[in-house]
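Summary of the model geometry
Here are the chains, one letter per residue:
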Amino acid sequence: RGRVSTAGATGPAGARRRFPTPPRPGWGRLLIAAVAGASLGAAGLALARGRGLTVTILVLGIAASVAVGGAAWAEERYRRHRLQLLYQSHVLLQGSSGSPPSIETLLLRLCEVLRASFAEVVILPDAIDRSALVVQVRDGRAVDTARALDQAILDDVFSVVVPRSLSLLLRRRNLGDAVMAALVVEGRVVGTVLTGDRRGRRGFGEDDRQLLEALAPQVAITVDRARLDARLSQQAFHDALTGLANRSLFSDRVAHALERRVAPGRLRAAVLFIDLDDFKMVNDGLGHAAGDLLLQGVTQRLRRVVRPFDTVARLGGDEFAVLLEDLAGPEEALGVAQRFLDELAAPFELRGTTVVTGASVGVGVADTGATSPDDLLRQADWAMYRAKERGKATVETFHPGMESALEQRVQLTAELSEALSGDELTVEYQPIVSLSRGRVVGVEALARWTSPRRGRVAPREFIPIAEASGLICEIGERVLRTACRQAACWMAEHPEQELTVSVNLSPRQLLDPAFAATVAAVLLETAIPPARLTLEITESLLVERTPETLRRLKALKDLGVTLAIDDFGTGSASLDELRRLPVDTLKIPKAFVDNVATSARDRAFLAGIIGLGRTLDLRLVVVGVEHAEQSDQLEQLRCDLVQGFHFAAPIDAAGISALLARQARGQAAPGPGDGAAAVAAAAPGRA
Ligand code: C2E
Ligand code: CA
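What counts, and at which threshold
- Every chain begins its residue count from 1, and numbering advances along the sequence as written.
- Both sets of labels track the order of writing: A upward for chains, 1 upward for ligands.
- In keeping with the model being predicted, local features are shown solely for residues with a pLDDT of at least 70 and side-chain atom pairs are shown and tallied solely at 80 or more, while totals for entire chains, interfaces and linings include all residues.
- Excluding hydrogens and water, the side-chain figures rest on all heavy atoms present in the structure.
- Only runs of H or I of at least four residues qualify as helices and only runs of E of at least two qualify as strands under DSSP, and these elements are numbered from the N terminus.
- Summary of the burial criterion: residues with accessible area below 20% of their type's maximum are buried, those above 50% are exposed, and those between are partly exposed, where the area comes from a 1.4 Å probe applied to protein chains only.
- Contacts are assigned to residue pairs with any non-hydrogen atoms lying within 4.5 Å of each other.
- We get accessible surface area from the Shrake-Rupley algorithm with a probe of 1.4 Å; when it comes to residues, only the shown protein chains can shield them.
- Any Phe, Tyr or Trp ring, taking Trp's six-membered ring, that has another such ring centre within 6.5 Å forms a pair; planes under 30 degrees apart are called stacked, those over 60 apart edge-to-face, and the others tilted.
- By arc we mean the arc of the directions from the helix axis to the C-beta atoms, nothing more.
- Like-charged residues are merged into a patch within 9 Å and nonpolar side chains (Val, Leu, Ile, Met, Phe, Trp, Tyr) within 5 Å, provided each residue has over 30% relative accessible area and no salt bridge.
- Salt bridges are defined as contacts in which a side-chain nitrogen from Lys or Arg sits within 4 Å of a carboxyl oxygen from Asp or Glu.
- When charges are counted, neither His nor the chain ends are considered; positive counts come from Lys and Arg and negative counts from Asp and Glu.
- By convention, the charge on Lys lies at NZ, on Arg at CZ, on Asp at CG and on Glu at CD.
- Pairing between strands requires that DSSP locate at least two bridges from one strand to the other.
- Only the stretch in contact is used when fitting a helix axis, every axis being a line fitted to C-alpha atoms; angles between N-to-C directions are given from 0 to 180 degrees.
- Note on angle classes: values under 35 degrees are labelled roughly parallel, values over 145 roughly antiparallel, values of 65 to 115 roughly perpendicular, and the remainder oblique.
- Crossings are sorted by hand: turned counterclockwise from the far helix by less than a right angle, the near helix makes the crossing left-handed, and turned clockwise it makes it right-handed.
- The residue classification treats Ala, Val, Leu, Ile, Met, Phe, Trp, Tyr, Cys and Pro as nonpolar and Asp, Glu, Lys and Arg as charged. All others, Gly included, are polar.
- Shown as donors are all N, O and S atoms within 2.8 Å of a metal ion, widened to 3.2 Å for Na, K and Ca; because water is not in the atom set, sites may appear incomplete.

Okay, the overall build of the protein next. From N to C terminus, the protein includes 22 helices and 23 strands. Across the 687 residues that make up the protein, the buried fraction comes to 46%. Restricting to contacts in the protein with at least 6 residues of sequence separation, those with at least 24 account for 66%. When the accessible area of the protein is evaluated, it comes to approximately 32,800 Å², of which 55% is carbon and sulfur surface.

Structure (structure tokens):
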């Protein structure tokens, strides 16, 4: 704190004085002196009678009178000015406007009254383990910070309280002369108020000390009220679990930040909107107590990456927000977001279980035309939504246009939700062909949406929306049930064909603890042999490997169903993980076969993947075969199961029935001709 010396009190106790103030005689005494001076002059005039001497004495007398009287007048004016300020301050401090002034306003006023450029209020904490609140004003700018209750603060309190004077003049290294008073409410010292740094003017005097002491009770009342408000607002404006600001306090802070002016070229504010990626999984899988611990852990890490005066809020559930003020630019906000994601990378230990969680962060910046706090928060929310779609653990900044794209998505979500209650959703089936047997051995069920307003909507458009909104669970269950019922009919008609049916599974469905039970019910209901049902799970889902995911996959496997990894090779499952996963089939995506006919390198790559599947003793299905050359290459690589437009595009159930009937009559499997026809039939709206 740079204290050099603490002056002794100068109050009624009459202790020694370090900063003598210039003598300022009272109004009466000055008047007497002036009258005396004038009388002296007149007396001299009467007595001396000598002309030269008379004039000299007269001039001297008048000069003395004017000098003494002028000083008195200036002094009186200064005093009146102070009295006026003191009165105004009382009015201000009493809050004539109805609402009490803030401590900052009060300190600014104090600087003005005492002609200082620095003022500070230290509010003592209620309990020894809490922090003191320090509000400072320097050159018209206010800062408030929390500070541990340290020796320097206690020294200050004792220095004013122990001599019982309640105020004193002192000197500080960074401040020069200063004056300090104790803040007392109902006999309790609640803090101190100090003002200093007169910048070249003379130091504080006895009357300054008295003035501060006179103002101190008003300051104390304001401080006490602020303390009470703080306690109340701690309850009303904070989230009980994490102690963070709640939505209402956050909006308020954003509103203030938007009103504040900053230096040219700097950003007023940025808002980060944060949503944890797998919170539901932890909460459902490990219980609410673990979920609470995770939220508290995330709070701690979030606090580590922000500055002490940035506002961190929990908006509800697993949503957090951060307000960053006065930034050099948007990069600074992105930097904070990235540091937070880095902090999250380390696993959490929750009651003996290791949990890894990511977050999607959206950034809204206060120069993209946002006017209200709600707009800014909404923009950050939109950006977060976009980040979530792009993949987890990512940061996305809001930009104009994102809005309309997202609004369209919101609209599409609403329509999709309606579609579910009508009959707009159907299922198509794409044949899976065995090259060696030259016949269809299975079908993959694919969801189709024909909207009365939009026509056929491609899965690549509506599946992500369904994923983001959670509608995918309902869609998935419907596809599963429809496909199994349909498959049961085909199996009954053509038992000799041993057809399999594959259904795509969303990561979200696997999060549902009841999912295995749903599958069991569907199997029971349709009576299809479990092994004939394949559930396809994308590799990226498996990358979010938690003991819970593994348990759920095992539960499905225990039902007897076949599990396939979809889009194999696009995630990052390690060989070891693959070995441990209860899967039977790998589906190799289109990208791996696209160039096998033309590129030796791609051919080698595909051969490698096929080899890998064989090593792990897994069945392989190659998807997206469009040409005869690709099919030939696959035959050469002894890859048997294929799916693609070259053989058949997804077609409706009737189309598959016809195909199976032809196969039953001993006719050939779908060949290039059928494929072309099917492609043509299914062309509108294809992904
Ligand atoms: P997927 O699981 O990889 O399904 C195969 C996709 O590739 C299908 O697209 C299919 O029409 C397309 N395809 C097959 N052969 C060829 C080909 O030779 N050339 C080309 N260009 N494409 C081919 P679709 O039906 O548009 O589905 C796209 C994705 O949507 C699916 O990819 C799947 O991830 C998702 N999806 C579709 N239905 C469902 C569903 O019921 N549930 C879930 N969770 N996802 C679904
Ligand atoms: Ca699939």
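If you walk through the whole model with that rule in mind, you get four aromatic pairs. On the basis of an interplanar angle of 25° and a centroid distance of 6.2 Å, the ring pair of W382 and F398 is categorised as stacked. On the criterion of sequence distance, the pair formed by W382 in helix α10 (residues 373–390) and F398 in the loop between β14 (395–397) and α11 (402–421) is long-range, its members being 16 residues apart. The exposure class assigned to W382 is buried, which follows from its relative accessible area of 15%. Exposure remark for F398: the relative accessible area of 4% places this residue in the buried category. Centre to centre, the rings of Y429 and W490 are 5.0 Å apart; their planes meet at 85°, and the pair counts as edge-to-face. Of this pair, Y429 sits in strand β15 (residues 425–434) while W490 sits in helix α13 (residues 471–493), placing them 61 residues apart in sequence.

What follows concerns the environment of V501. Along the chain, V501 turns up in strand β18 (residues 500–505). Separated by 56 residues in sequence, V501 and A445 have C-alpha atoms that sit 7.1 Å apart. Each residue touching V501, except ones within four places of it in the same chain, is listed here: V443, A483, A487, I528, R532, L533 and T534.

We now examine helix α4 (residues 151–161). The complete set of buried residues in α4 reads I153, D156, V157, S159 and V160. Across the axial projection of α4, the buried residues extend over an arc of 165°, all falling on one side.

Bringing a positive patch on the surface into the picture now. Together, R77, R80, R115, R201 and R202 make up a positively charged patch on the protein surface. Take R202: it is sitting in the loop between β7 (188–196) and α5 (206–236). The partly exposed category is assigned to R202, whose relative accessible area is 42%.

Taking burial as the measure, the six residues of strand β5 (residues 167–172) include five buried ones, the bulk of the element. Here β5 hands over to strand β6 (residues 176–185) after three residues, the two strands then running antiparallel side by side.

Turning next to the packing of α13 against helix α15 (residues 515–526). Two elements in contact, α13 and α15, have axes separated by 9 Å at closest approach and are oriented at 25°. By the angle between their axes, α13 is roughly parallel relative to α15. The handedness of the crossing between α13 and α15 comes out as right-handed. Residue-level inspection shows E477, L480, R481, C484, R485 and A488 of α13 in contact with α15, the latter providing T518, V519, V522, E525 and T526. In terms of residue class, the contact of α13 with α15 is made up of five nonpolar, two polar and four charged.

In this section: the coordination of the calcium ion (ligand 2). Surrounding the calcium ion (ligand 2) are the protein donor atoms E444 (OE), N504 (OD1), E536 (OE) and D566 (OD), at 2.2 to 2.3 Å. Binding-site remark: the calcium ion (ligand 2) is held by donors from one chain whose sequence spacing is E-x59-N-x31-E-x29-D. Remark: D566 occurs in strand β20 (residues 562–566) and E444 occurs in strand β16 (residues 439–451); sequence separation between them is 122 residues. Judged by relative accessible area, which is 6%, E444 ranks as buried.

Here we come to the pattern of salt bridges. With the rule as written, the count across this model stands at 27 salt bridges. Measuring nitrogen to oxygen at the nearest pair gives 2.7 Å for the salt bridge that ties D326 to R266. Taken together, the positions of D326 in strand β10 (residues 319–327) and R266 in the loop between α6 (247–259) and β8 (267–276) put the pair 60 residues apart, joining distant regions of the chain. D326 sits in the partly exposed class, given a relative accessible area of 27%. Assessed through its relative accessible area of 35%, R266 is described here as partly exposed. Here K590 ties to D594 by a salt bridge, and the two come within 3.1 Å at their closest N and O atoms. Residue K590 is classed as partly exposed on the basis of its relative accessible area of 35%. One salt-bridge network, in which partners are shared between bridges, spans E477, R481, R485 and E525.

A few words on the sheet that holds β10. Ordered in space as β9-β10-β8-β13-β14, the five strands form an open sheet in which the pairing is mixed. Strands at the two margins of the open sheet, each flanked by one partner only, are β9 (311–316) and β14. With direction set aside, neighbouring strand axes in the sheet form an average angle of 20°. Packing against the sheet, helix α8 (residues 288–305) makes contact with β8, β9 and β10, and its axis sits at approximately 10° to β10.

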